[in-house]
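Next come the chains, spelled out residue by residue.
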Amino acid sequence: MNPQANLIFIASLLLGTTITISSNHWIMAWTGLEINTLAILPLISKSHHPRAIEAATKYFLTQAAASALVLFSSMTNAWHTGQWDITQLTHPTSCLILTSAVAMKLGLVPFHFWFPEVLQGSPLTTGLILSTAMKLPPMTLLYMTSSSLNPTLLTILAILSAALGGWMGLNQTQIRKILAFSSISHLGWMAIILIYNPKLTLLNFYLYAVMTTTVFLTLNTTKVLKLSTLLTAWTKAPSLNTMLLLTLLSLAGLPPLTGFLPKWLIIQELTKQDMAPAATLISLLSLLSLFFYLRLAYCTTITLPPHTTNHMKQWRTNKPTSTAIAILTTVSVMLLPASPMILTIV
């Protein structure tokens, strides 16, 4: 893609995100979401592969439907209350419509079907933007309207997302699809705590974004797209692969690593809110996603493929690891001891 065009699309993404997260009026928030959708479409379809075109079409249709629902929800609320302010969403029907619209934007179950397909059809860098930056504006809308939303509905969506995100990722061999289902199950953790402690939702989102960015950038450096190529990627950058192992375990939420922090705080908060059964259920469901993270980690660190085929190994290059990956990996793995400081900020 032409660098100037690329710059325009990235700038439009930044503009759309900034408009949505800084607006108080529903129409401005909707405008930001639309700018975002239109700016990401060329980045999804830039390879001109039929799969990329299909992904862009699916993305456009779902996002257009979700945007229409956002507009419908805000207009219904304005009709009944005379308020266009985002924080003044009080009408119950509007709240339900908005929840389903944002669930569609984010890829929460049962509106998740588009997300793995779109991620599979996109390049790794675009997949990274879709998994992190594109989820920030809808998360902001949820954060701003959290006091008005229906707790039962959000809890059901959250538990279904954690369950299906884990189950559907079990038999995947394409890494982008595995990361898509991982994203869906993480969204479940964010949604379940949104009503009770919205700041925890944001903390979970930020840490998830950091860890996912690390994984995507590492995979982009080693040019790995499926499990069979991950098996022999160790020869290319052994130290980078070792750090990828730790980042994957952090995404799974294992205790000494950064990813354990949001899960620990969410379980603690749910228990305080007398929601111990929901906390137990979502913790057990996270074991499903732990399985495919462990499978990815096993494929990352295995030093020889388990079958004796004439597979050409990619020998290591002298290209140094980028500073961004080094910093992101450190944050993804070693942030747990700093949790008291993070909690004072939050």
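Further up the page is the structure itself.
Overview of the structure. A quick note: this is a predicted structure, and the numbers were derived from the prediction, not measured.

**Regarding the packing of aromatic side chains**
Then, number 1: Here the structure, examined in full by the defined rule, presents 5 aromatic pairs.
Then, number 2: Aromatic pair Phe260 and Trp264: ring centres 6.0 Å apart, planes at 5°, arrangement stacked. Highlighted residues: Phe260 and Trp264, both in helix H13 (residues 260-272), separated by 4 residues, approximately one helical turn.
Then, number 3: Note on Trp264: relative accessible area 39%, which makes it partly exposed.
Then, number 4: Seen in terms of ring centroids, Phe292 and Tyr293 are 5.1 Å apart; in terms of plane orientation they differ by 45°. Their pairing is tilted.
Then, number 5: Its relative accessible area of 2% is what places Tyr293 among the buried residues.
Then, number 6: Directly above the aromatic system of Phe115 lies the positively charged group of Lys135, at a separation of 3.9 Å from the ring centroid.

**Description of the packing of helix H12 (residues 238-252) against helix H15 (residues 323-334)**
Then, number 1: The contact between H12 and H15 brings their axes to 9 Å, and the two run at 40°. By the angle class used here, H12 and H15 are oblique. The crossing of H12 and H15 is left-handed. Contact residues: Leu240, Met243, Leu246, Thr247 and Ser250 in H12; Ile325, Thr329, Ser332 and Val333 in H15.
Then, number 2: Of the residues that constitute the contact of H12 with H15, the class distribution is 5 nonpolar, 4 polar and no charged.

**Details of a nonpolar patch on the surface**
Then, number 1: There is a patch of nonpolar side chains on the surface, built from Ile27, Met75 and Trp84 and spanning about 260 Å² of accessible area.
Then, number 2: You can see Ile27 is positioned in helix H2 (residues 26-44).

**Some remarks on the environment of Met334**
Then, number 1: You can see Met334 is positioned in helix H15.
Then, number 2: In this structure, the C-alpha to C-alpha distance between Met334 and Pro50, residues 284 residues apart in sequence, is 41 Å.

**Quick notes on the environment of Ile267**
Then, number 1: Structurally, Ile267 is set in helix H13.
Then, number 2: Since its relative accessible area comes to 29%, Ile267 is described here as partly exposed.
Then, number 3: The spatial distance from the C-alpha of Ile267 to the C-alpha of Thr126 is 32 Å, given a sequence separation of 141 residues.
Then, number 4: Once residues within four sequence positions are removed from consideration, Ile267 is found in contact with Trp189, Ala279 and Ser283.

Cut-off values and rules
For every chain, the first residue of the written sequence is number 1, and numbering continues from 1 onward in sequence order. In keeping with the predicted nature of the model, local features appear solely for residues at pLDDT of at least 70, side-chain atom pairs appear and are counted solely at 80 or more, and the whole-chain, interface and lining totals rest on all residues. With hydrogens and water set aside, each side-chain value is computed from the structure's full complement of heavy atoms. Any two of the Phe, Tyr and Trp rings considered here, Trp counted by its six-membered ring, make a pair once their centres fall within 6.5 Å; the pair's planes then place it as stacked at under 30 degrees, edge-to-face at over 60, or tilted in between. Counting from the N terminus, the helices are the DSSP runs of H or I reaching at least four residues and the strands are the DSSP runs of E reaching at least two. Residue burial is assigned from relative accessible area. The probe radius is 1.4 Å, only protein chains are included, and a residue is buried under 20% of its type maximum, exposed over 50%, and partly exposed in between. Criterion for a charge above a ring: Lys NZ or Arg CZ within 6 Å of the ring centre, and within 35 degrees of the ring normal. Working convention: axes come from line fits to C-alpha atoms, limited for helices to the stretch in contact. Angles between N-to-C directions cover 0 to 180 degrees. Put simply, angles under 35 degrees are roughly parallel, angles over 145 are roughly antiparallel, angles from 65 to 115 are roughly perpendicular, and the rest are oblique. Helix crossings fall into two classes, left-handed where the near helix is turned counterclockwise from the far one by less than a right angle and right-handed where it is turned clockwise. Note on contacts: a residue pair is in contact if any heavy atoms of the two residues lie within 4.5 Å. Only Asp, Glu, Lys and Arg are considered charged, only Ala, Val, Leu, Ile, Met, Phe, Trp, Tyr, Cys and Pro nonpolar, and every remaining residue, Gly among them, polar. Distance thresholds for patches are 9 Å for like charges and 5 Å for nonpolar side chains (Val, Leu, Ile, Met, Phe, Trp, Tyr), applied to residues having over 30% relative accessible area and no salt bridge. Note on areas: Shrake-Rupley, 1.4 Å probe, and residue coverage restricted to the protein chains presented here. Within this document, salt bridges are pairs made up of a side-chain nitrogen of Lys or Arg and a carboxyl oxygen of Asp or Glu, the two lying within 4 Å of each other.

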